[in-house]
Amino acid sequence: PIVPLGTFAATYHLAAWDLPYHINHQTYGEIGPITRHDALPLLEFVLRHRNTLSKLVLYCHAGIARSPAVAIALSEWLPTDPHPAALIERYPCFNRAMYRTLCQAAIDEGLLRT
């Protein structure tokens with residue numbers, strides 16, 4: 001696993017897989033696609049820190065699909081720069097299933113309107 005360098009006010013680790021099947025990881029156990037059950041603690045983490053948040057660092061192994069999906073989903077209900085459309089343009093290969101799951105969890109929690 002990647003360990004971020006530097007000092008962070010808070011960190012959150014989400015183990016999710018890009019593909020629609022499960023793998024057994026030596027450190028994290030079974031990892032599969034993100035579920036609503038996985039999404040809620042992430043949303044709660046962001047809500048808990050959003051008033052003191054000036055920067056948010058998201059990363060995954062390649063930075064092509066998973067972390068952009070999380071960034072785009074969060075930018076749907078948090079004021080961010082760049083905005084969702086600019087992020088989608090910059091990362092067109094983002095994981096749409098992960099994005100939809102996070103957005104649906106945000107809708108269910110009343111953070112995002114349909």
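See the structure above.
Quick look at the structure, then. Everything numeric in this text was worked out from a predicted model, so none of it was measured.

With that settled, the discussion passes to the pattern of salt bridges. For the structure shown, the criterion picks out 2 salt bridges. Two residues, D108 and R36, come together in a salt bridge whose shortest N-O distance is 2.8 Å. You can see D108 sitting in helix α4 (residues 96-108) and its partner R36 sitting in helix α1 (residues 36-49), a full 72 residues away along the chain. Owing to a relative accessible area of 40%, D108 belongs among the partly exposed residues under this scheme. Between R36 and E109 there is a salt bridge whose closest N-O contact spans 3.1 Å. Remark: E109 occurs in the segment after α4 and R36 occurs in helix α1; sequence separation between them is 73 residues.

Looking now at the packing of α1 against α4. Running from amino to carboxyl end, α1 crosses α4 at an angle of 65 degrees, the nearest separation of the two axes being 9 Å. On the basis of the axis angle, α1 is roughly perpendicular to α4. Judged by the sense of rotation from one axis to the other, the crossing of α1 with α4 is right-handed. Residues R36, A39, L40, L42 and L43 of α1 form the contact with α4, whose own contacting residues are T101, L102, A105, A106 and D108. Residues of the contact of α1 with α4, tallied by class, amount to 7 nonpolar, 1 polar and 2 charged.

How each quantity is defined
Residues numbered from 1 in each chain as written. Predicted model: local features only at pLDDT ≥ 70, side-chain atom pairs only at ≥ 80, totals over all residues. Heavy atoms only, no water. Salt bridge = Lys/Arg side-chain N within 4 Å of Asp/Glu carboxyl O. Helix = DSSP H or I, 4+ residues; strand = E, 2+ residues; numbered from the N terminus. Buried < 20%, exposed > 50% of the residue type's maximum accessible area, 1.4 Å probe, protein only. Axes fitted to C-alpha atoms, helices over the stretch in contact; angles between N-to-C directions. Parallel < 35°, antiparallel > 145°, perpendicular 65-115°, else oblique. Left-handed = near helix turned anticlockwise from the far one by under 90°. Contact = heavy atoms within 4.5 Å. Nonpolar A, V, L, I, M, F, W, Y, C, P; charged D, E, K, R; others polar.

Function cannot be read off these values alone, since they describe shape.
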